[in-house]
Amino acid sequence: MAMTQWWKAAGFGFAAWIFPEKARWSRVCSQGWAARRASAWSGLIAPDQRGQGESDRTADYSREGYLADLEAFLDHLGLGEVVLLGHSLGAINAYQFAARHPERVAALVNAKGSVALGLDGTNPFGFLLNLPYDAPTREALVEGLGPAAPYFSDRLRENADGTWRLPFHPQDMYRSEDQVHGDHWAHWTATSCPALLIRATKGTLPADQAAAMVERRPGTTFAELDADHLLYTTAPDAFATTVRNFLATL
């Protein structure tokens, strides 16, 4: 069973979930987690990043904001050197944090985090802006989500007043995507700690970019899973095994 931590930093609240030794990693790393550096990997800590899950919304979804959150998160828990795993946006947060604080990152697991994205100015999350954020009942929210319902229906949250909401605000996710766009090669190649790059065959990380990420960054190993963007739910066992096998080498 997970324990919950709640704290305030920069004026708004964050939630994190602390899982015991036998936690299923494939079920909890939708955005990112940190594992304490130890001879035996005894558990994991999964934060809800700003605007996600039980963490508060904010007006700032910049790169600076996300990276400051991660530093505050580790400081709050008294963690020094950790292994960071992130998926998509969370993966970019992880390797950019490592570039700034290499002494605090023992290893990286990058699940589908690109190093060059949105360079043509398009935002693939435009469809989110047409989704409802909340509804009086869970059934009404699922109906309002339409074709997007299968991607989010198992992550819906019940509010204190009995209404239901998405685990993020569509507008916040759109803004986060906008502000993560750019060329991040310098951040990815700034470190040389052990790293695992995981690509989904049906995901958004191009095969040629993934190959270059492995080639240009020393200490990087590669795995490819037959999965879509949400690879930890479409291929949970393969994802968990891949991560565990990598951690066993550290």
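An account of the accompanying structure is given in this report. None of these values were measured; they are calculated from a predicted model.

### Let's talk about the packing of aromatic side chains
- Evaluation of the coordinates by the stated rule reveals five aromatic pairs.
- When the centroid spacing of 6.4 Å and the interplanar angle of 65° are considered together, the rings of Tyr232 and Phe239 count as edge-to-face.
- With a relative accessible area of 7%, Tyr232 lands in the buried category.
- Relative accessible area serves as the criterion here: at 0%, Phe239 is assigned to the buried category.
- Between Arg138 and the ring centre of Trp164, over which it is positioned, the NZ or CZ distance is 6.0 Å.
- Taking the ring centre of Trp188 as reference, the NZ or CZ of Arg217 above it sits at 5.2 Å.

### Let's talk about empty space enclosed by the protein
- Inspection of the entire model under this criterion finds two cavities of 30 Å³ or more.
- Here the second largest cavity is characterised by a volume of approximately 40 Å³.
- In this structure, the second largest cavity is lined by 12 residues; those nearest its centre are Arg50, Gln52, Tyr66, Met173 and Ser176.
- Ranked by residue count, the leading element in the lining of the second largest cavity is helix H5 (residues 170-180), at three residues.

### Overview of the pairing of strand S6 (residues 105-111)
- Among the seven residues that make up S6, seven are buried, leaving the element largely enclosed by the rest of the structure.
- Taken together, strand S5 (residues 82-87), helix H2 (residues 89-100) and S6 form a β-α-β motif whose crossover is right-handed.
- As paired elements, S6 and strand S12 (residues 195-200) share four bridges and run parallel to each other. Each residue of the ladder has a partner; that of Ala111, found in S12, is Ile198.

### Quick look at the nonpolar core
- Core analysis: the largest hydrophobic core is formed by 32 residues, its most contacted members being Leu84 and Leu108.
- Taken together, the elements giving at least two residues each to this core come down to strand S2 (12-19), helix H1 (63-77), S5, H2, S6, helix H6 (185-188), S12 and helix H7 (207-216).
- If we skip the residues at most four places from it in the chain, Leu108 touches Leu84, Ala94, Tyr95, Ala98, Thr191, Cys193, Pro194, Ala195, Leu196, Arg217 and Phe246.
- Listed in part, the 20 residues of the second largest apolar core include Leu85, Leu231, Val243 and Leu247.

### Examining the sheet that holds strand S10 (residues 164-165)
- If you walk across this open sheet you meet the three strands as S8-S10-S9, and the pairing is antiparallel. Of all the strands in the sheet, the pair left with one neighbour each is strand S8 (134-135) and strand S9 (157-158).

### Here's the deal with unusual backbone geometry
- Residues other than glycine seldom take positive phi values, yet Ser88 does so here, at roughly 60°.
- For Ser88, the location among the structural elements is in the loop between S5 and H2.
- The phi dihedral of Lys112 falls on the positive side, at around 70°, and the residue is not glycine.
- Here Lys112 is to be found in the loop between S6 and strand S7 (116-117).
- Judged by relative accessible area, Lys112 falls into the buried class, the value being 2%.

### A look at the layout of surface pockets
- Considered as a void within the structure, the largest pocket measures approximately 880 Å³ in volume.
- In terms of lining residues, the largest pocket is bounded by 37 residues, among which Ser88, Phe125, Glu177, Thr204 and His229 are the most central.
- Contributing elements (two or more residues each) for the lining of the largest pocket: H2, S7, helix H4 (149-152) and H5.
- A per-element tally of the lining of the largest pocket places H5 first, with four residues.
- Split by residue class, the lining of the largest pocket holds 18 nonpolar, 14 polar and five charged.

Thresholds applied
Residues numbered from 1 in each chain as written. Predicted model: local features only at pLDDT ≥ 70, side-chain atom pairs only at ≥ 80, totals over all residues. Heavy atoms only, no water. Phe/Tyr/Trp six-rings, centres within 6.5 Å; stacked < 30°, edge-to-face > 60°. Buried < 20%, exposed > 50% of the residue type's maximum accessible area, 1.4 Å probe, protein only. Lys NZ or Arg CZ within 6 Å of the ring centre and 35° of its normal. 1 Å grid on protein atoms, 1.4 Å probe; cavity = no way out; pocket = protein on both sides within 12 Å on 5 of 7 lines; lining within 4 Å. Points joined across faces, edges and corners; volume = space filled by probe spheres on them. Helix = DSSP H or I, 4+ residues; strand = E, 2+ residues; numbered from the N terminus. Right-handed = clockwise from strand over helix to strand, strands pointing away. Pairing = 2+ DSSP bridges. Core = buried A, V, L, I, M, F, W, Y, C linked by side-chain atoms within 4.5 Å. Contact = heavy atoms within 4.5 Å. Nonpolar A, V, L, I, M, F, W, Y, C, P; charged D, E, K, R; others polar.

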